[in-house]
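Single-letter residue listing:
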Amino acid sequence: MERILVGMTPRHGAFAALTRALSLAKRIGAKVHVLYVTEGPEDNTRATPPLAAADDRGRVRLMVERAQEEGVGVECFVTEGDFEEEVIRFARDRRITLLVSESADGEGRASEREAQSLRRILHGVSCRVELVTPRREPNETQTKGEAT
């Protein structure tokens, strides 16, 4: 049985990756593991306000509940620490067969930091990796097109 992993953080929800993983799991009968990694206590910078993080967790919970109602096997895990290290460790320990991740913006471009993070994960896992590009919001397209 395929075991799919989606890694999420408070900074980067990865909802497009989760949507893709749940859809794929439903189609092929795979199990999805959602790993939510929070920052370690030594990192006192807060890039995401607590309410936004709570909203994201609620959105994840709703997506997982809907998928489970449709018969998809989903398990959620929360851990604290370095995102890359936690994803690599989890993929190894749970014998993940596919990691679904997403790029940072709707155009498939990632910041240098995110690109380094992905490279680090790719070198540390032995499973296949699928990169998902989130769809651009209609407002972003209109705003960019209207600027003169």
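Preceding this paragraph is the structure being described.
In this text the structure is predicted, and so the values were computed from the model without any measurement. Residue positions are counted from 1 within each chain, in the order its sequence is given. Predicted model: local features are reported for residues with pLDDT of at least 70 only, side-chain atom pairs are reported and counted for 80 or more only, and whole-chain, interface and lining totals are derived from all residues. Values shown for side chains rest on all heavy atoms present in the structure; no hydrogens or waters enter the calculation.

Caption draft 1: Structural view of the overall build of the chain. Only DSSP runs of H or I with at least four residues qualify as helices, and only runs of E with at least two residues qualify as strands; both kinds are numbered from the N terminus onward. Regarding its fold elements, the chain presents five helices and five strands. The order of helices and strands in the chain, counted from the N terminus, is β-α-β-α-β-α-β-α-β-α. Within the chain, the fraction of its 148 residues that count as buried is 36%. Within the chain, counting contacts between residues at least 6 apart in sequence, those at least 24 apart form 82% of the total. Note that accessible areas follow from Shrake-Rupley with a 1.4 Å probe, and for residues the cover is restricted to the protein chains shown. Carbon and sulfur atoms provide 48% of the accessible area of the chain, an area that totals close to 9200 Å². Buried means the residue's accessible area, taken with a 1.4 Å probe over protein chains only, is under 20% of the maximum for its type, while exposed means over 50%, and partly exposed covers the values in between. Only heavy atoms enter the contact rule, under which two residues are in contact if any of them lie within 4.5 Å.

Caption draft 2: Seen up close, the sheet that holds strand 2 (residues 31–38). Any two strands with at least two DSSP-identified bridges between them are counted as paired. Taken in spatial order, the five strands of this open sheet run 3-2-1-4-5, and their pairing is parallel. Each edge of the open sheet carries a strand with a single partner, namely strand 3 (73–80) and strand 5 (128–132). Ignoring strand direction, the axes of neighbouring strands in this sheet form an average angle of 25 degrees. For helices, the fitted axis covers only the stretch in contact; all axes are lines through C-alpha atoms, and the angles between them, taken along N-to-C directions, range from 0 to 180 degrees. Where helix 3 (residues 83–93) meets the sheet, its contacts fall on strand 1 (3–8), strand 2, strand 3 and strand 4 (98–102), and the angle it forms with strand 2 comes to roughly 150 degrees.

Caption draft 3: Fine view of empty space enclosed by the protein. Within this scheme a cavity is a closed region of a 1 Å grid, computed over the protein atoms alone, that accommodates a 1.4 Å probe without allowing it to escape, whereas a pocket is open but has protein on both sides within 12 Å along at least five of seven lines; lining residues each have an atom within 4 Å of a point. Grid points are joined across faces, edges and corners, and a volume is the space filled by probe spheres set on the points. One pass over the structure, following the stated rule, counts one cavity of 30 Å³ or more. Taken as a whole, the largest cavity encloses approximately 40 Å³ of empty space. Considering the residues around the largest cavity, the lining is formed by Gly-7, Phe-83, Val-87, Leu-99, Val-100, Ser-101 and Ile-121. For the lining of the largest cavity, the secondary structure elements donating two or more residues are helix 3 and strand 4.

Caption draft 4: Fine view of the side chain of Glu-102. Residue placement: Glu-102 occurs in strand 4. Of the side chains bearing the opposite charge, Arg-59 lies closest to the buried Glu-102, which forms no salt bridge; the N-O distance is 8.4 Å. Here a polar contact means two N or O atoms within 3.5 Å. Within protein one must be a hydrogen donor candidate and the other an acceptor candidate, and residues neighboring in sequence count only if both atoms are side-chain atoms. There is a polar contact of 3.5 Å between the side chain of Glu-102 and the backbone nitrogen of Phe-15. Reaching out from Glu-102, the side chain makes a polar contact with the backbone nitrogen of Ala-17 at a distance of 2.9 Å. When neighbours within four sequence positions are excluded, Glu-102 is seen to be in contact with His-12, Ala-14, Phe-15, Ala-16, Ala-17, Leu-131, Val-132 and Pro-134. We treat Lys and Arg as the positive residues and Asp and Glu as the negative residues; His and chain ends play no part in the count. Note on definitions: salt bridges are taken to be side-chain nitrogens of Lys or Arg within 4 Å of carboxyl oxygens of Asp or Glu.

Caption draft 5: Spotlight on the pattern of salt bridges. For the structure shown, the criterion picks out 11 salt bridges. Its salt-bridge partner being Arg-89, residue Asp-93 comes within 3.5 Å of it at the nearest N-O pair. On the criterion of helical spacing, the pair formed by Asp-93 and Arg-89 is a turn pair, its members being four residues apart in helix 3. Assessed through its relative accessible area of 44%, Asp-93 is described here as partly exposed. We classify Arg-89 as partly exposed; its relative accessible area is 31%. Each of Asp-82, Glu-84, Glu-85 and Arg-120 takes part in a single network of salt bridges with overlapping partners.

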